Amino acid sequence: MKPFYEKPILNSPYHSPTRHHALGDSGQPLDHEPLNGRRRSRYMTPVPRSKKQTAKASQGEFGFEDEAAGPRYSDNPIINEIRTYVAAWRTLPNPTDWGVTPTTQRLLQHWRNHNFADQRPFFCQIEAVETAIWLAEVARGRRQYAGIFNHLDKANAEANPDLFRIALKLATGAGKTTVMAMLIAWQAINYARQPGSSLFSKGFLLVAPGITIKDRLRVLLPSDPENYYRTRELVPPDMMNDLGNAKIVITNYHAFQQRETLDTNKVGRAVLSGWRNEKLVTRESEGEMLERACKELLSTRNVVVINDEAHHCYREKSAPLAEDLKGDDKAEAAENNAAARLWISGLEALKRKVGLRAVYDLSATPFFLRGSGYDEGTLFPWVVSDFSLVDAIECGIVKLPRVPVSDNAVNAATPVFRNLWDHIGKKMPKKGAAKSGELDPRSQFPDTLATALHALYSHYEKEYDEWQRAAIGVPPVFIVVCNNTASSRLVYEWISGFQRDAEGERQTIHWGNLRLFSNFDEHTGNPLPRMNTILVDSYQIESGTLDDAFKQIAAPEIERFRQEKAEREGAASAGAVSDSEILREVMNTVGRKGRVGEHVRCVVSVSMLTEGWDANTVTHILGVRAFGTQLLCEQVVGRGLRRQSYALGDETDLDGNRLFEPEYADILGIPFDFATEPVDVKKKPPKPVTRVFAVKERSALSMRLPRVAGYRTELPDDQLTATFTDEHRLVLDPSMVGPTTARLEGLVGLGHDIAPDILDEMRPAAIATHLSKHLLERYLLGDNGEPQYHLYYKLQPLVRRWIKECFVPVGGTRAGMLTYASVANRAASLIHGAILQEAGNVSSQIVKALLDPYNPAVVTDHVQFITSKAKLYETNPQKCQINYVVADSGWETEFARVVEAHPQTLAYVKNQALGFEVPYLAGTESRKYVPDFIVRLDDGHGADDPLMLVVEVKGERLLDDQVKAETMRSLFVPGVNNLGTFGRWGFVELTDEFRMEADYAAAVETLSVVRHLERAN
């Protein structure tokens, strides 16, 4: 078996890919070990078909041929160049070197490093947003990147002369909606904090190709209860207020159609025109259309446009290339062009009205479509970021599609079920249902199609049984994609059964050929209360209207789902929605537990199903239509590529990062040339999810916490002393600085050991001088930000004493290693903490905390997120405002129990999704420390004057943890206490799980005694 099929997933979904499988010239996996490094962006260059050539192009050739060499792969130089620049920029350790605003710095650090409660953003999602940020904030205006913008300017001038578009390509299932949310957050929060900036906007128009996707995009509205900014923690809680000022309008491109305002016939027009035959204006003006489609955005200048499934938006060439398009292909191309023309014309109109700051295109397939005048399958030349389907598969982000590779048909050159339409197309209805009449599935159904359905269904039954045993809770989904309404109705009735009028009554003629998909009781013939199979017309549902013919076809299922909706939500809710809204809701909720589409097992669809359809339970797909190119194949196959489970498995990449386990989708009838060898996969139920939120009825337990941005210290010049304790010890071992001895041996002869003995030659005075200078330049700065070198002679004796009393080298480490930058930073932090403690004993006003100027405080009232973690502790409603503690370890669960049981606890909260962070220095890098718990404690001053106690529950204590604790004691606690606006604060660490209750009680008692003594004095 080729390595690709044996182990398709090589990379973590959360880190930049480091390996890739070798692919041949046709895009097929080779029998070759994985290659190191990331795959370059490269796509097949389509070549127009020669009219003189009669042979059909193979699917591996993208549906195009060259008379000589055929199609060819070529690199995308702009994409690869930008990717290189962004990768180098991403690795810059110091945020001040990133060349972006402080707000953008904060968001990037949050997306890259935040400890997300549930699924964190994928690397490909962050990379797409990073590319947009880099182009807008870093590269624009710099001479060395002028070539990139020259290319983009030229590409847009040729294809979109009135717009400047940037396209971000992400494979289906890679999460484009999350990328949209991140783009909106970046733009809107920056605008709120820099309203005069020319880079950002607070107005956003999101355009989708249909109503189904428009419905799904509601999670991008900050007002939506399930918005991604909060539920997926994409925006720090303290920035949510800034995001609330954004104006976001979500629409579908159909809204750009200028509607008729006067519905009348020819006679009516003549009457209204009068004897003067005045011209009647019966259509909306451009301004009226924009007022309706864009609403409040018309009062905002320079809107940001985000196009979802943006390959439907283009301006076709005025003189299209000659193409041999006939029948359905020609009609489909005409529809595509009309839709694309309407879409891009609407954006051009909006630009003329209010101006556009930027246009971001998102698509898994940003290629020109058939009939556009461009070679079909040509990549949009304004694509700047690319994460392809094979990249997504190698990162485990999507399912792996499997297609037929062989069969026992002796007269077929290729597997029959691969190119199914070639074998059944002439036997299928040529026109839609309105013109085909009533077909009988028992006598007018192609045998080959029946065999294909039975074969794929047989595997579905096994899959269904495995899902049942795994208690996944919803069924796997089987979808059939047809070419027209007559074909879809024929397939639908063959699968699920059908009724006809007989002797004046509606009777069940056949209960269906596939047991699990039947909509009728096999014994009584009565319709089942819940439909297992549904029939949808994607195009009609997306446009928001159903024609009479389709409404007649779908009348039974519409009525049944209306009844189910009434049972679930009440008769009023079911009666208030249209037929198309009913079917749209069913389609949107397929595979979602507790929703109207929960029990659907099979979907028979006209057209390609909804692009952007986000059902993640699809396991089997059958194509009953022609497929001209791999582009079309990928779009349809993409309907089944969303993963069902995002739980990490036990396998790891070369860096030790855990990987997803493979999931698969089985495909018939779609000649998709990719990943064909069968592989068994173990089914896993999805993790249950829980909503964690602040309970409204517990508002008395709410806490207001400071958002500290930094610290200011004012040390007296004449008092520079320190008392060192065990808290200030630094134990240096080889794990921090690398091996201190190594054995070298050759093939022959004696071996020898090596060690950093040269460090032993460094004099203690030189080491102390280096460390003193480092401490001065890092921590002891004056009001002007310059080091106070005049303190050197007072500081050096303290440093030498610290080295003697607190520095402990073990495992062969040397004192000379204190000159290493990272070690010197940790040492300086500990010495500085001791100095501050000593100074604080003399004057309590030494340290002042500096609050975030935009959001100086956070409150627990706004906590709300979704988690799939299983360690949940249901909180005492008298002690905690949040309904659950989501524990990262058993230690945290134990502390929740301990703190609730302690009589002096007034309230507590687990610090998750709060935005409560403590800034500290880790080496040369500024970081944010997120403590575990905050407890409101009665330490003897009474409930009206509580102590706010920050509690860290820690097992193994690493050096970085020591720096965090020292920052809490010497900077955060005294700094916040000196503010006087957030009450009194304290800090305690608990490091023994089995003594936690006793240690916490002792800490509270100590704090209470201290407070009593303070009051007595």
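Residues numbered from 1 in each chain as written. Predicted model: local features only at pLDDT ≥ 70, side-chain atom pairs only at ≥ 80, totals over all residues. Heavy atoms only, no water.

### Regarding the overall build of the chain
Phase 1: A tally of helices and strands in the chain yields 29 helices and 38 strands.
Phase 2: The buried share among the 1017 residues of the chain stands at 55%.
Phase 3: For the chain, long-range pairs separated by at least 24 residues make up 74% of all intrachain contacts whose partners lie at least 6 apart in sequence.
Phase 4: Accessible surface, the chain as shown: approximately 44,600 Å² in total, 49% of it carbon and sulfur. (Helix = DSSP H or I, 4+ residues; strand = E, 2+ residues; numbered from the N terminus. Buried < 20%, exposed > 50% of the residue type's maximum accessible area, 1.4 Å probe, protein only. Contact = heavy atoms within 4.5 Å. Areas by Shrake-Rupley, 256 points an atom, 1.4 Å probe, with all protein chains shown as cover.)

### Points about the packing of aromatic side chains
Phase 1: Tallied over the entire structure, the rule returns 30 aromatic pairs.
Phase 2: Seen in terms of ring centroids, Trp-186 and Phe-200 are 6.0 Å apart; in terms of plane orientation they differ by 90°. Their pairing is edge-to-face. Note that Trp-186 is positioned in helix 6 (residues 176-193) and Phe-200 in the loop between helix 6 and strand 6 (203-208), a separation of 14 residues in sequence. Accessibility classification places Trp-186 together with Phe-200 in one group, the buried group.
Phase 3: Pairwise contacts between aromatic rings join Tyr-314, Phe-368, Tyr-374, Phe-380 and Trp-382 into one cluster. (Phe/Tyr/Trp six-rings, centres within 6.5 Å; stacked < 30°, edge-to-face > 60°.)

### Section: helix 17 (residues 485-496)
Phase 1: Here helix 17 contains 12 residues, and its C-alpha end-to-end distance of 16 Å stays within 8% of the 16 Å for a straight helix at 1.5 Å per residue.
Phase 2: Of all 12 residues making up helix 17, 12 are buried, and the element is well covered by its neighbours.
Phase 3: Looking only at helix 17, the buried set comprises Thr-485, Ala-486, Ser-487, Ser-488, Arg-489, Leu-490, Val-491, Tyr-492, Glu-493, Trp-494, Ile-495 and Ser-496.
Phase 4: N-cap assignment for helix 17: the residue whose side-chain oxygen lies 3.1 Å from the backbone N of Ala-486 is Asn-484.
Phase 5: Once helix 17 finishes, Gly-497 follows within two positions and takes phi at roughly 100°, a positive value. (Expected span 1.5 Å × (residues − 1). Polar contact = N/O pair within 3.5 Å; in protein donor to acceptor, adjacent residues only side chain to side chain.)

### Here's the deal with helix 3 (residues 102-113)
Phase 1: Its 12 residues give helix 3 an end-to-end C-alpha distance of 16 Å, which sits within 8% of 16 Å, the value for a rise of 1.5 Å per residue.
Phase 2: Within helix 3, burial applies to Thr-103, Thr-104, Gln-105, Arg-106, Leu-107, Leu-108, His-110, Trp-111 and Arg-112.
Phase 3: Along its buried surface, helix 3 packs onto helix 2 (77-90), helix 4 (123-139) and helix 6.

### Concerning the pattern of salt bridges
Phase 1: Counted by the stated rule, this structure contains 39 salt bridges.
Phase 2: Its salt-bridge partner being Glu-127, residue Arg-38 comes within 2.6 Å of it at the nearest N-O pair. With a gap of 89 residues between them, Arg-38 in the loop between strand 2 (35-36) and strand 3 (42-45) and Glu-127 in helix 4 connect regions that are remote in the sequence. Glu-127 carries the same exposure label as Arg-38, and that label is buried.
Phase 3: Note that Asp-242 and Arg-193 form a salt bridge whose closest N and O atoms lie 2.9 Å from each other. With Asp-242 in helix 9 (residues 240-243) and Arg-193 in helix 6, this pair connects stretches of sequence that are 49 residues apart.
Phase 4: Bridged by salt links that share partners, the residues Arg-38, Arg-90, Arg-112, Glu-127 and Glu-130 form one connected network. (Salt bridge = Lys/Arg side-chain N within 4 Å of Asp/Glu carboxyl O.)

### A look at the sheet that holds strand 33 (residues 905-910)
Phase 1: The 4 strands lie next to each other as 33-36-37-38, forming an open sheet whose pairing is mixed. In this open sheet, the two strands that pair with only one neighbour each are strand 33 and strand 38 (984-990). The average angle at which neighbouring strand axes cross in this sheet is 20°, direction not considered.
Phase 2: Sheet analysis places strand 36 (residues 933-937) next to strand 37 (residues 947-953), joined by 5 bridges and oriented antiparallel. Bridging from a neighbouring strand, Val-935 pairs with Leu-949 of strand 37. (Pairing = 2+ DSSP bridges. Axes fitted to C-alpha atoms, helices over the stretch in contact; angles between N-to-C directions.)

### Remarks on the sheet that holds strand 15 (residues 533-537)
Phase 1: The 6 strands are arranged 11-20-17-12-16-15 in an open sheet whose pairing can be described as parallel. Both outer strands of the open sheet, strand 11 (400-402) and strand 15, are each paired with one neighbouring strand and no more. When strand polarity is set aside, the average angle formed by the axes of neighbouring strands in this sheet is 20°.
Phase 2: Here strand 11 runs beside strand 20 (residues 664-668); their pairing, made up of 3 bridges, is parallel. Counted as the bridge partner of Arg-402 is Asp-666 from strand 20.
Phase 3: Its contacts with the sheet put helix 16 (residues 447-469) on strand 11, strand 12 (477-482), strand 17 (618-624) and strand 20, and the angle it makes with strand 17 is roughly 175°.
Phase 4: Its contacts with the sheet place helix 17 against strand 12, strand 15 and strand 16 (602-606), and it is angled at close to 175° to strand 15.

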